[in-house]
Amino acid sequence: MRRKWYYVGGGCAAVAAVCLVLWLCLRPRGGDCSSALPKEATLVARIDLRGLLEQGGISEKGLPLMADKELATGGIDLCRPSYGFVCRGYCGAVVPLSDRDAFLRQTAELHGKVSRQGGLRWTVFGGSWLVALDREKLVAIGPATTQEQEGLRELLASCMRQKSTEVDGELLKALGQRQEPVCFATNGEMLPESLTACLKAALPEGVTLGDFALSAGLRAEDGALTLRLNVDGRSKKARAFLTELDSVLRPIDTYMPACEQPFLHLEAGLSGERLLELLRGNPRTRTALLAANMAVDLDMAVKSIDGDISLTMPTFALFEAQVAVQAELRDSAFMGNIKDWTGLKIVPARNDFYLCSYRGAACYFGLLGGRLVVTNAERYTLAPALASPLPKEAQGQKVYAALDFSGISELLTFLPGQRSLSKIETLTLSSKDVREWTLTLRAGQGEDLLRYLLKGE
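Attention in this report is confined to the structure presented alongside it. Note that the structure is a prediction, hence the values are computed from the model and not measured.

Rules behind the numbers
Residues numbered from 1 in each chain as written. Predicted model: local features only at pLDDT ≥ 70, side-chain atom pairs only at ≥ 80, totals over all residues. Heavy atoms only, no water. Helix = DSSP H or I, 4+ residues; strand = E, 2+ residues; numbered from the N terminus. Contact = heavy atoms within 4.5 Å. Areas by Shrake-Rupley, 256 points an atom, 1.4 Å probe, with all protein chains shown as cover. Polar contact = N/O pair within 3.5 Å; in protein donor to acceptor, adjacent residues only side chain to side chain. Salt bridge = Lys/Arg side-chain N within 4 Å of Asp/Glu carboxyl O. Buried < 20%, exposed > 50% of the residue type's maximum accessible area, 1.4 Å probe, protein only. Phe/Tyr/Trp six-rings, centres within 6.5 Å; stacked < 30°, edge-to-face > 60°.

1. Description of the overall build of the protein
Part 1: Within the protein, the secondary structure is distributed over 15 helices and 21 strands.
Part 2: Considering only contacts in the protein between residues 6 or more positions apart, those separated by 24 or more positions represent 61%.
Part 3: In the form shown here, the protein has an accessible surface area of approximately 25,600 Å², with 57% of it arising from carbon and sulfur atoms.

Below you can see the structure in the form of structure tokens.
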């Protein structure tokens, strides 16, 4: 009887061993790698290269990266998305692997000695990027000095051991809601300082940039690349501010470039009265308005704007660029008080325009064709700009901007990949709500921008 149970037990053990071997051999090569994102990350991104190619209708075999057999089997698993992050001021990436050893062989010239510690492989790429690898993924962070890398080892080790990430739930939720193959999620504090100086000044008391959640996604559409950005308030005050800001804008109803085929043209529908209310509601901007009104009747001028406002730059120029600003007015009563404006040197110019000078800077301003025109180029004081039909992309939008890339094609010759960049013909930015923005890059008619960028043509 005992011998019978030996046979039964041995048979069960053999079946279990076979099942284990089959599972190890046939199981999928790992799941989603987002579990390795550090919980302290303040920005997370997802990059699905295969999805981007499929969306653009591009065959992998048609790309140099995929056509090279050694690179195509270089150990990175392109069937799963990769992730990027920002943590503790460093940039990082989580990359799925199909073959760790093959990856290390293919990149041998880029990294230093490979060591083993805590069940992981460790190396440094380019002398400044610390990398931890297991059989299914790698996590990299940098750039960091040798001393800093020692402090980052514990962070990477904990990321590799995580079964699920503890990243800010709002960031992961925002990332999960996006369907684009390339996307990111963060908060307003991660925006560059050069972009946030004016924004900070305009925020109401008790609201910071960190109270705004940002997410964006990139997709290929009709030969163009489109980036869609969403802005949401994380607090009641932040959401109320976005609603108030959106009420300042209105749909564009007139298109009024100051010249034909400008290098840059920006158009927006604006209620000056609502804008003034918003500015007065902020202590910092209210103080600035009080100071400005000591010299000019700025309150009345802003309040008079009712309709479209535009900015046109006819050509690209690094120095002494010509600019023309136009605004539709409800009334022009503020122009009758010019003689009372102090602190500025104002003299009459031709065609009922005035020349205003302040600390070495000068511009013309006056009424032309029922609009207020402010410009540093005299030629835009001679005849009113003709209203043009609204471009299709501008219809229904509250903000619309178009940039002609051909105007800077000569500068692109100095940049890496300039042949691909030179294929870009136009860049447009539009918004029908301050919480939703769309940026589109287009190549020439009938040309596919994604194909050019990926193939490096």
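2. Here we look at the environment of Ser 34
Part 1: Positionally, Ser 34 belongs in the loop between helix 1 (2–26) and strand 1 (43–47).
Part 2: Separated by 47 residues in sequence, Ser 34 and Pro 81 have C-alpha atoms that sit 8.9 Å apart.
Part 3: Those residues within four positions of Ser 34 in sequence are excluded, and the remaining contacts are Tyr 83 and Thr 165.
Part 4: A distance of 2.5 Å separates the side chain of Ser 34 from the side chain of Asp 32, its partner in a polar contact.

3. Comments concerning the pattern of salt bridges
Part 1: For the structure shown, the criterion picks out 16 salt bridges.
Part 2: Arg 178 is the salt-bridge partner of Glu 180, the closest N and O atoms lying 3.0 Å from each other.
Part 3: The class of Glu 180 is buried, set by a relative accessible area of 7%.
Part 4: Note on Arg 178: relative accessible area 11%, which makes it buried.
Part 5: Taking the shortest distance from any N to any O, the salt bridge between Arg 435 and Asp 433 comes out at 2.9 Å.
Part 6: Each of the salt bridges in this network shares a partner with another, and the network as a whole consists of Arg 100, Asp 101 and Arg 121.

4. Focus on the environment of Asp 297
Part 1: Turning to its location among the elements, Asp 297 is positioned in the loop between helix 11 (283–292) and helix 12 (298–304).
Part 2: In sequence terms Asp 297 and Asn 337 are 40 residues apart; their C-alpha atoms lie 7.5 Å from each other.
Part 3: Dropping the residues within four chain positions of it, Asp 297 is found in contact with Asn 337 and Trp 341.
Part 4: Polar contacts involving the side chain of Asp 297 include one to the side chain of Asn 337, which spans 3.3 Å.

5. Structural notes on the packing of aromatic side chains
Part 1: Scanning the entire structure with this criterion turns up six aromatic pairs.
Part 2: The interplanar angle of 65° and the centroid separation of 6.3 Å between the aromatic rings of Phe 212 and Phe 241 together place this pair among those described as edge-to-face. Taken as a pair, Phe 212 in strand 9 (residues 212–221) and Phe 241 in helix 9 (residues 236–248) lie far apart in primary sequence, 29 residues in all. Residue Phe 212 shares its accessibility class with Phe 241, and that shared class is buried.
Part 3: Aromatic rings pair up to connect Trp 341, Tyr 354 and Phe 365 into one cluster.

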